[in-house]
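# Summary of structural features
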Amino acid sequence: MNFFGKKRTTNTPTPGSARSAAANNPTNTVLTLRDSLATLEKREDHLYKKMEEMQADAKKKMARKDKKGALFSLKRKKMFEAEIDKIQGSKMTLETQIMSLESNVQNMETYSAMKAGASAMANIRKQCDVENVDELMDDIREEMEIAQEISTAIAQPVDTLGTDEDELLDELKELEELDLEEKLLQVPASAAPLKMPNAPTTALEQEADDEAEALKALEASLA
């Protein structure tokens, strides 16, 4: 009897569970299949030797005219041959399973790699999505504008007198007006006589000569 309550059970793996866990591992399964295939190949080689022995024994018995013994040896040879056919069928099945498992293992590894790549891309996208990039670009533009404003402010000259530029422009304009007024009021000390062009006399003299010639001709005609 148990006076201390329910007996504790320990999760000790049984041989059956251990074999099941090993069977669920594709790599271990492939190794097991390859071991079985190697065993079948050894068995096949042994049976081939037995077939050769039975054939040689049948020849010897025929040489001794032991027909019944020769037939018995040939029957054993056929039996070994049938067993070899079974072994070859089993070998084909094992090789097909091995190829299928190796292909599945490769596909599983490829899938795991692709899944890991997709997960990595998803993590990167979470850290660098479109919204984060847009916010980053806005921050960069804002910082560049601030830096430009700072550069412009630094490049401006410092006016220690605090003079208003508009007042200076008005004063400059007044000076220009005064200078123009002084130039207009200035009178030259000595005015140079104006030189008038000479009136043309050549035509008048020619006309007087013509009139004198006409009078002389008139007087001559009256004489």
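Residues numbered from 1 in each chain as written. Predicted model: local features only at pLDDT ≥ 70, side-chain atom pairs only at ≥ 80, totals over all residues. Heavy atoms only, no water.

Here the focus is helix 5 (residues 165–185). For helix 5, with 21 residues, the first-to-last C-alpha span of 31 Å sits near the 30 Å given by 1.5 Å per residue. Sparse coverage of helix 5 is indicated by the burial of zero of its 21 residues. (Helix = DSSP H or I, 4+ residues; strand = E, 2+ residues; numbered from the N terminus. Expected span 1.5 Å × (residues − 1). Buried < 20%, exposed > 50% of the residue type's maximum accessible area, 1.4 Å probe, protein only.)

All right, on to the nonpolar core then. Counting six residues, the largest nonpolar core is built from Leu47, Met51, Met54, Phe80, Ile84 and Ile87. Of all the secondary structure elements, the ones that give two or more residues to this core are helix 2 (26–63) and helix 3 (67–127). When near neighbours in sequence (up to four residues on either side) are disregarded, methionine 51 contacts Lys77, Phe80, Glu81 and Ile84. (Core = buried A, V, L, I, M, F, W, Y, C linked by side-chain atoms within 4.5 Å. Contact = heavy atoms within 4.5 Å.)

Our focus in this paragraph is the pattern of salt bridges. What the rule picks out here adds up to six salt bridges. When the shortest N-O distance is used, the salt bridge between lysine 50 and glutamate 53 registers 3.6 Å. Note that lysine 50 and glutamate 53 are positioned in helix 2 at a spacing of three residues, about one turn of the helix. Looking at lysine 50, the relative accessible area reads 21%, which means it is partly exposed. (Salt bridge = Lys/Arg side-chain N within 4 Å of Asp/Glu carboxyl O.)

Taken together, the side chains of Val133, Leu136, Met137, Ile140 and Met144 present a nonpolar region at the surface, about 440 Å² in accessible area. Here methionine 144 is to be found in helix 4 (residues 130–155). (Patch = residues over 30% accessible without salt bridge, like charges linked within 9 Å, V, L, I, M, F, W, Y side chains within 5 Å. Areas by Shrake-Rupley, 256 points an atom, 1.4 Å probe, with all protein chains shown as cover.)

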